[in-house]
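Here are the chains, one letter per residue:
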Amino acid sequence: MKEKAKGMSEKEVEEEKTSAENVTESSVDETPSEETTDTLAAENEQLKAQLEQAKKDYLLARADLENFRKRTLKEKADLILNGGETCLKDILPVIDDFERGLQAIGESTDVEAVKDGIELIYSKFKAYLNRHGVQEIPTQDADFDTEYHEAVTMFPASVPEQKGKVIECVQKGYTLNDKVIRFAKVVVGE
């Protein structure tokens, strides 16, 4: 206050003191009225009600989330348990054809007809595999690729062009949707 007083006249300093005293006195004299108390109490009750409603909403949302988690876990378990059902249903006609073919082998004397029947069943089975994303890994005259082939043995190449190439396929390999499910076992030229 003294610092302010240096640049102010005495009259201005006196007015400052008076206004400061008035502010202090008026704030001390004020007591909350009954109307203000009622308003604050009503506002307090309203806030309590909102808090209770928010708690209820939170508990309901949490219960819904737990139910959702349980339901999705059950659905996943069902999918794992019965996921192959479609594939197995699709293969049943091929099994029926095999059974008819085996029955025909015992009854038929025409070897060519039985051979043709077996070839038809084989092509039907290959079509089934293709429908379900299973593809044969090509090996005929292919470069040896460790991503798809497993070298069973190395064999000296008769011509230089066969070096690093597949000479013979011992066991076919397959991919399921571009993922190797069985590597092709091959003989590689060196």
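So, how was this worked out
- Residues numbered from 1 in each chain as written.
- Predicted model: local features only at pLDDT ≥ 70, side-chain atom pairs only at ≥ 80, totals over all residues.
- Heavy atoms only, no water.
- Pairing = 2+ DSSP bridges.
- Helix = DSSP H or I, 4+ residues; strand = E, 2+ residues; numbered from the N terminus.
- Axes fitted to C-alpha atoms, helices over the stretch in contact; angles between N-to-C directions.
- Polar contact = N/O pair within 3.5 Å; in protein donor to acceptor, adjacent residues only side chain to side chain.
- Contact = heavy atoms within 4.5 Å.
- Expected span 1.5 Å × (residues − 1).
- Buried < 20%, exposed > 50% of the residue type's maximum accessible area, 1.4 Å probe, protein only.
- Arc of directions from axis to C-beta.
- Patch = residues over 30% accessible without salt bridge, like charges linked within 9 Å, V, L, I, M, F, W, Y side chains within 5 Å.
- Areas by Shrake-Rupley, 256 points an atom, 1.4 Å probe, with all protein chains shown as cover.
- Salt bridge = Lys/Arg side-chain N within 4 Å of Asp/Glu carboxyl O.
- Lys, Arg positive; Asp, Glu negative; His and termini not counted.
- Charge placed at Lys NZ, Arg CZ, Asp CG, Glu CD.

Visitor: I would appreciate a short explanation of the sheet that holds strand S4 (residues 174–176) in the present structure.
Guide: Pairing is antiparallel in the open sheet, where 3 strands are placed in the order S1-S4-S5. Either end of the sheet is taken by a strand with one partner, and the two such strands are strand S1 (134–136) and strand S5 (179–182). Here the strands of the sheet are splayed against their neighbours by 35° on average, with no regard to which way each runs. Inspection of the sheet shows S1 paired to S4 by 3 bridges, in the antiparallel sense. When the bridges of S4 are listed, Gln135 appears paired with Thr175.

Visitor: How should I be thinking about the side chain of His149 in this particular structure?
Guide: Position of His149 among the secondary structure elements: in strand S2 (residues 149–155). From its side chain, His149 meets the backbone oxygen of Pro138 in a polar contact 3.4 Å long. For His149, the residues in contact, after removing those within four places along its chain, are Ile137, Pro138, Thr139, Ala142, Asp143, Phe144, Val166, Phe183, Ala184 and Val186.

Visitor: How do you make sense of helix H5 (residues 111–131) when you look at a structure like this?
Guide: One full turn of an α-helix is made of 3.6 residues, so residues set three or four places apart face in the same direction. Over its 21 residues, H5 runs 30 Å from end to end, which matches the ideal 30 Å to within 8%, given 1.5 Å per residue. Within H5, the full set of buried residues consists of Ile121, Tyr128 and Leu129. The arc that holds every buried residue of H5, seen down its axis, measures 100°, which confines them to one face. Away from its buried face, by an angle of more than 90 degrees, H5 presents the exposed residues Leu120 and Arg131. Turning to H5, the residues buried within the fold contact helix H4 (85–107) and S1. Just downstream of H5, Gly133 is the residue with a positive phi angle, here 85°.

Visitor: Looking at this structure, I do not really get a negative patch on the surface. What am I missing?
Guide: Taken together, Asp110, Glu112, Asp116 and Glu119 make up a surface patch of like negative charges. Note that Asp110 resides in the loop between H4 and H5.

Visitor: What is the right way to look at a nonpolar patch on the surface in this model?
Guide: There is a patch of nonpolar side chains on the surface, built from Leu102, Ile105 and Ile118 and spanning about 280 Å² of accessible area. Among the structural elements, Ile118 can be located in helix H5. Exposure remark for Ile118: the relative accessible area of 36% places this residue in the partly exposed category.

Visitor: Got a minute to help me understand the sheet that holds strand S6 (residues 184–189) in this structure?
Guide: The strands making up a sheet associate through backbone hydrogen bonding, with each pair oriented either parallel or antiparallel. Strand order in this open sheet of 3 strands is S2-S6-S3, and the pairing throughout is mixed. The outermost strands of the open sheet, each flanked by one partner alone, are S2 and strand S3 (166–171). Averaged over all adjacent pairs, the angle separating strand axes in this sheet is 30°, with direction ignored. Relative to S6, S3 runs antiparallel, the two sharing 4 bridges. Paired with Glu168 across the bridge in S6 is Val187.

Visitor: Where do I start with the pattern of salt bridges in this structure?
Guide: Any two side chains of opposite charge can pair, so long as their charged atoms come close to each other. For the coordinates displayed, the defined rule picks out 8 salt bridges. Ionic pairing is found between Arg69 and Glu66, a salt bridge with its closest N-O pair at 3.1 Å. Here Arg69 pairs with Glu66, and both are found in helix H3 (residues 34–82), just 3 residues apart, close to one helical turn. Residue Lys89 pairs with Glu85 through a salt bridge whose shortest N-O separation is 3.4 Å. Placement of both Lys89 and Glu85 in helix H4 is noted, with a separation of 4 residues, approximately one turn of the helix. Counted as one network, the salt bridges with shared partners bring together Asp97, Arg100 and Lys124.

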